[in-house]
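# Examination of the molecular architecture
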Amino acid sequence: APQRQWRWNRTTRTTQPDIDRRYYTTLQLVLVSSTGRIHHFVAQGTMIFRGTICILALAASSSAFAPTTSTITVAAGRSKDVITMKIAADSTSTAADAAAVSSSPSSSVLHDFDHHTSTRLPYSPTGYSTWEWKTHHNQQNQLIEEFNDNGSNSSGSPTHLTTHSINYLEVGDSSKPALLLVHGFGASSYHFRHNIPVLARKYHVYAIDMLGFGWSDKPIMDYDATVWKDQVVDFVQEVILNGDDDNKEERSIAIAGNSLGGYTAMYASSDERIKDNVKACILINAAGRFRDPEAIEEPSEPNPIIKSISSAIQRFVIACSFVYTKQPLRIEQVLRQVYPIDNSNVDSELVESIQTPAQDDTAAEVFYRVITKNGAGPQAYVDDILKELDCPVLLAWGESDPWIRSAAADKMESLHAEFHGENVAGENGSKWIKRASIDAGHCPHDEAPEAVNDAILSFVDEVLSIA
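Values in this document were obtained by computation on a predicted structure and should not be read as measured data.

## Observations regarding the nonpolar core
Note on soluble globular proteins: their nonpolar side chains tend to be buried together. Grouped together as the largest cluster of nonpolar side chains are 53 residues, with contacts concentrated most on L180, W228, F235, I255 and M266. In terms of residue count, the dominant contributor to this core is helix α6 (residues 225–240) (8 residues). Ignoring sequence-local partners within four residues, the contact set of I255 consists of L180, V182, V232, A265, S269, I274, V278, A280, C281 and I282. Grouped together as the second largest cluster of nonpolar side chains are 38 residues, L179, L181, A200 and A254 included.

Following this line, the structure appears as structure tokens:
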């Protein structure tokens, strides 16, 4: 399909790209394959204008919304079915830009780090290492898929690939089994600062920043659970298993995650592409929706006018919330609320690790799209994922979580028993579940790291001894 940059003009005599530079502070490319698609972008432009005109007045001084003077050059090169886009900006740096500078296996701050003697990961304000993730998850494919779904094209699945820079780190002996850690919403790999050194004494530990968070890229695209699931699966295949060591393809892997990262860890662990290697799944106050047995699904087409107004209101409220929430004092306040038992680990470095990536130019729009699940496909329910899990599961649960109550862990235990039977370690093959109750809140791995580390080590040791 030909590439065109859609321009929208109303009485303000302002083109849409100009609005984008003020609100998104990024360059958006739109694929338009026929005039029949123009109405979609007119409606989208109207929605954006209505929802952002007031936001710009409220948050003009914020780096997430402020006008940018960057000179942006786009060079598009086509090789078979691969589209490569290179964007060169001025000297204004972002967290993702800084992280992309280093592509070495380990960042400089980790060169002299001894995880055998230290219990805390050193903080790097520019991220750690970079993995270039080549994936079909991008805005171009999403537009093409939507176009095909409308019956306007039957050419098959889109094949355009985009490379996203992903921040990650690894610590420990590469000959040992791998343990992958996945952070929660709004956080980064640094959130496992008190876990990585201790866990790396026995396992080869990896931690990754999910797309749209931390020091990873924050592309303007629609986000849903499959994006992060595929990111973790590809990372396992390309980084953890694809090494120089011939035994890596047979090595055992445990995947652990907190909150949204817990849901992602569970979802990825059930994926057929890596199922044989994943021997354990650790859910630390994992997020996710359960099926409602009484709900009746009746798909309906919303009124476009109501949908536009509703989206505009959503964008306004969420954008204002983002401006407020990303302030250091507010971040600290929220952290103290979700560390209800012991908030002594809420310090300036933790706040900075959350606040710095939020200054990225596209962070506000990514925040909006993740919150609203803009363009998301069918929801993958926890029920369905647990049913497909073949490996043992550990629920390392902060029982004082104000956001995801202990009832969620209770539900997971009952569903697992329903699907796989009442069993303990060693019974019914590998399908068993264990719970470790932690005296902490939503982030027990950082609030009570000693208890979580002990629970993870005990569980993984037990699993690998019978695997």
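Having seen the model, we can carry on.
## Quick word on the pattern of salt bridges
Pairing between side chains becomes possible if they bear opposite charge and their charged atoms approach one another. In total, this model carries 20 salt bridges according to the counting rule given. Between D347 and R120 there is a salt bridge; the shortest N-O distance is 2.9 Å. One end of the pair, D347, is in the loop between α9 (328–338) and α10 (348–355); the other, R120, is in the loop between α3 (95–100) and β5 (129–135), and 227 residues separate them in sequence. Between R273 and D230 there is a salt bridge, with the nearest N and O atoms lying 2.8 Å from each other. Taken together, the positions of R273 in the loop between α7 (260–269) and β10 (278–284) and D230 in helix α6 put the pair 43 residues apart, joining distant regions of the chain.

## So, the packing of α6 against α7
Viewed as axis vectors pointing N to C, α6 and α7 meet at an angle of 65°, and their least axial separation amounts to 9 Å. In terms of crossing hand, the pair formed by α6 and α7 is right-handed. Facing α6, whose interface residues are A225, T226, W228, K229, V232 and V233, α7 presents L260, Y263, T264, Y267 and A268. Looking at the contact of α6 with α7, its residues break down into 8 nonpolar, 2 polar and 1 charged.

## Looking at the state of the cysteines
A complete count under the given rule lists 0 disulfides for this structure. Not engaged in a disulfide, the cysteine C281 finds its nearest cysteine sulfur in C391; these two sulfurs lie 5.3 Å apart. By relative accessible area, which is 0% here, C281 ends up buried.

## Points about the environment of C443
Along the chain, C443 turns up in the loop between β12 (433–438) and α14 (444–447). With 43 residues separating them in the primary sequence, C443 and S400 have C-alpha atoms 10.0 Å apart. With residues up to four places along the chain from it excluded, the contact list for C443 reads H191, N258, V338 and Y339.

## Observations concerning the pairing of strand β6 (residues 162–171)
Of all 10 residues that make up β6, 8 are buried, and the element is covered over most of its length. Bridge analysis of β5 against β6 gives 7 bridges, and the strand direction is antiparallel. Residue pairing across strands places T130 opposite N167, the latter belonging to β6.

## Concerning helix α11 (residues 363–372)
With respect to burial, α11 is a largely interior element, 8 of its 10 residues being buried. Regarding α11, the residues found buried are A363, A364, E365, V366, F367, Y368, R369 and V370. At the exit of α11 stands K373, carrying a positive phi of roughly 50°.

About the thresholds
- Residues numbered from 1 in each chain as written.
- Predicted model: local features only at pLDDT ≥ 70, side-chain atom pairs only at ≥ 80, totals over all residues.
- Heavy atoms only, no water.
- Core = buried A, V, L, I, M, F, W, Y, C linked by side-chain atoms within 4.5 Å.
- Buried < 20%, exposed > 50% of the residue type's maximum accessible area, 1.4 Å probe, protein only.
- Helix = DSSP H or I, 4+ residues; strand = E, 2+ residues; numbered from the N terminus.
- Contact = heavy atoms within 4.5 Å.
- Salt bridge = Lys/Arg side-chain N within 4 Å of Asp/Glu carboxyl O.
- Axes fitted to C-alpha atoms, helices over the stretch in contact; angles between N-to-C directions.
- Left-handed = near helix turned anticlockwise from the far one by under 90°.
- Nonpolar A, V, L, I, M, F, W, Y, C, P; charged D, E, K, R; others polar.
- Disulfide = S-S within 2.5 Å.
- Pairing = 2+ DSSP bridges.

From the geometry alone we can't say anything about function, so treat these as descriptive.
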